[in-house]
There are 2 protein chains.
Amino acid sequence: MNIEDIETPAVLVDCRIAEANLARAQAYADRHGLPLRPHIKTHKLPRFALRQVELGAIGITCQKIGEAEVMADAGLSDIFIPYNILGARKLARLAELHRRVTLSVTADSAETVAGYADAFRDADHPLAVLVECDTGARRCGVASPEEALQLARRIDAAPGLSFQGLMTYPPRNGAEQVNDWLARAKNLLLSEGLPPVRISSGGSPDLYSAAEVGVATEHRPGTYIYSDRMQVSFGLGTLDDCALTVVTTVVSHPTSDRVVLDAGSKALAADTCAEPGHGYITAYPEAVITGLSEEHAIVDVSRCARTPRIGEKVRVVPNHACVVSNLFDTVHLTADGETAEAVPVAARGRLQ
Amino acid sequence: MNIEDIETPAVLVDCRIAEANLARAQAYADRHGLPLRPHIKTHKLPRFALRQVELGAIGITCQKIGEAEVMADAGLSDIFIPYNILGARKLARLAELHRRVTLSVTADSAETVAGYADAFRDADHPLAVLVECDTGARRCGVASPEEALQLARRIDAAPGLSFQGLMTYPPRNGAEQVNDWLARAKNLLLSEGLPPVRISSGGSPDLYSAAEVGVATEHRPGTYIYSDRMQVSFGLGTLDDCALTVVTTVVSHPTSDRVVLDAGSKALAADTCAEPGHGYITAYPEAVITGLSEEHAIVDVSRCARTPRIGEKVRVVPNHACVVSNLFDTVHLTADGETAEAVPVAARGRLQ
């Protein structure tokens, strides 16, 4: 369809920008000999996952089993789920997935390892488990290399499991600290006869300094394919590198300094970033989205030389592209900036 | 299914609490002779919309045509869409809907009225249009009673439209100001021969002072059915009146003061409220959800006398229930606190 005919609010992805973002990252990875294992959470689309692999990615990363199931159905064959997977139903689904693809997961506790060990006791081939390490981001992860060793021993001791290595979600601008942590853990594991053959770090903000974590054997960027206002504020490229925009219509212009768009938190999400407001309106750079209700964005246009008219469509670079992908059943892909193809977001809403 | 068997994260709605919330509000409305026209954005479920009407609501409110279409399919016959609806495709869908149900909409600009007038020029019966008024919330709406009169005249002059009255989304704790505004507008319209037969106000925070807006002929509460942490912070009931909780599993306990849940911003949404953190964990009142990534909630348990174990399921009252409903394809309804029925959220994700 013609882009002008898209009903708003809608997600528009410029595939030329996305492709350039993928190619740039893969070129960096190739130059530094650091394999990529992209996180599909940003696009949730099999076609982009397949394209990432085609360009050179060694596999993909999913956060939920439901996402991995969608990607396996689409032919992705090497899937990493860096998550503590707990509960009988989820473990049964994990075992099923393990029969279909090259699968790896993480654990940061004895409880998680015990669950895996029980579910994979009689597996044909062992489940690859990496130990999640807290290298400073204070999310999940064991707190020290010594704890990593303890957990690696537990994994190694379980018949259905194989200890494969270490995984971390690093703090921003923390390459040196992350490398030190992981190198200490690696040396400790080596000295104990448990070599970590995979050491996985991640994140888009530090994608172009990922090679500084020299001990890592792979990097898991996610948002880099679309980028967004948050990534730009972190220093990843410019607003022109943002492939995903929300197309929205001006539905009200109640006062000279205020317009209202038909994209609220149901379309843009409420995530904030270092820049003011809830998104960047490409045609009106001075406009500030000061507030969101569920179906409306309130925009301060007092600093704009001209203001949009009621009925006009504008595009918004969201603060956080991944959560926007998760809010739309369908996204519109454009390769020429004029026509678009509507594509279902196959792995949207896979919460379990 | 048994509640214990629900895979997490999941939404659980306690129908006993929801029913009590509905009954309490309807009793208030009946006592004050103020009809309710509930907003379905909170639950997005036909069954609750039908129940609201069964209890006495005069119709329902939807924010998007897509939501109204779902509700019309389910047998709801009187639907108000308080939105400036613009664009040829949406207006064609609106005309189609108009043939099926008693429909009313709003406008706050000549442009919106012109669109309705054009689309309904040859309608069998006129489309009821209310003028949206900004009584202080600074969202959409005409800025003065005089502007309301001007717009009412435009509506009245269009062959396919009928001017029906006034609509506002009020500022919080603004009953007196809202009533003054609307009463002035009403008198002006009466004096000009354009009686506003409907005057519609809304919102759950001020639901139990809605009757103080004496000039209103109906009230549109939404969140009251489920309530949430934000409503409680606004003074609507207590946390025990919150019918919707997110069931989530503790997946990590990396340090003594930190646990991690498998519900991130994809499950709880990033909306903030006056209370600290991203939700209230019912079994651990002293715990604070200090951060959300997409699939994890980081919880500070340093003030808890006991801490949850890995694998334990806990329930979280979210900050904002409506946006949580929109994140899940399915919700689980319980009538006895032990077993639950999985129900598709029929009007979820209807952005257009």
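Residues numbered from 1 in each chain as written. Chains lettered and ligands numbered in written order. Predicted model: local features only at pLDDT ≥ 70, side-chain atom pairs only at ≥ 80, totals over all residues. Heavy atoms only, no water.

Test applied: UniProt positions are given in the numbering used here, feature names are shortened, and annotations may be inferred rather than shown by experiment.
An unreviewed UniProt entry lists chain A under the name D-TA family PLP-dependent enzyme, with Pararhizobium mangrovi given as the organism. Check the Sequence similarities (unreviewed entry) section of the UniProt entry for chain A; it says "Belongs to the DSD1 family."

## Some details on the packing of aromatic side chains
Residues and elements named next belong to chain A. Threshold: Stacked, tilted and edge-to-face pairs are distinguished by plane angle, under 30 degrees for stacked and over 60 for edge-to-face with tilted covering the rest, among Phe, Tyr and Trp rings (Trp via its six-membered ring) whose centres lie within 6.5 Å. Numbered from the N terminus, helices here are DSSP runs of H or I no shorter than four residues, and strands are runs of E no shorter than two. When accessible area is computed with a 1.4 Å probe and restricted to protein chains, residues below 20% of their type maximum are described as buried, those above 50% as exposed, and intermediate ones as partly exposed.
Applying the stated criterion across every chain yields a total of four aromatic pairs over all chains. A centroid spacing of 5.2 Å and a plane angle of 75 degrees characterise the contact between Tyr-28 and Tyr-208, whose relative ring orientation is edge-to-face. Pair noted here: Tyr-28 is in helix α1 (residues 15–32) and Tyr-208 is in the loop between β7 (198–202) and β8 (218–220), with a separation of 180 residues, a long-range link. For Tyr-28, a relative accessible area of 6% translates into the label buried. By relative accessible area, which is 33% here, Tyr-208 ends up partly exposed. The interplanar angle of 85 degrees and the centroid separation of 6.1 Å between the aromatic rings of Phe-48 and Tyr-226 together place this pair among those described as edge-to-face. Linking Phe-48 in helix α2 (residues 46–55) with Tyr-226 in the loop between β8 and α8 (229–233), this pair joins segments that are 178 residues apart in sequence. A relative accessible area of 8% means that Phe-48 is categorised as buried.

## What about the sheet that holds strand β2 (residues 60–61) of chain B?
Residue and element names in this part refer to chain B. Selection criterion: One requirement defines pairing of two strands: DSSP has to find at least two bridges between them. A contact between two residues is defined here by any heavy atoms of the two lying within 4.5 Å. Lines fitted to C-alpha atoms define the axes, with helix axes restricted to the stretch in contact, and inter-axis angles between N-to-C directions lie between 0 and 180 degrees.
Ordered in space as β2-β3-β4-β5-β6-β7-β8, the seven strands form an open sheet in which the pairing is parallel. Every other strand in the sheet has two partners, leaving β2 and β8 (218–220) as the edge strands with one partner each. Against the sheet, helix α7 (residues 175–191) touches β5 (127–133), β6 (161–168) and β7 (198–202), its axis set at about 160 degrees to β6.

## Section: the relation of the copies chain B and chain A
What counts is decided by this rule: Copy-to-copy superposition: least squares on the C-alpha atoms, limited to residues that have pLDDT of at least 70 in both copies.
You can overlay chain B on chain A at an RMSD of 0.0 Å; the transform is a turn of 180 degrees with a shift of 0.0 Å along its axis. Both copies of the chain, as the preceding transformation shows, are related through a two-fold rotation axis. Closest approach to the rotation axis among the C-alpha atoms of chain B is made by Ala-270 of chain B, whose C-alpha sits 2.8 Å away. Of all interface residues in chain B, 100% are interface residues in chain A too; the two copies therefore contact each other through one and the same surface.

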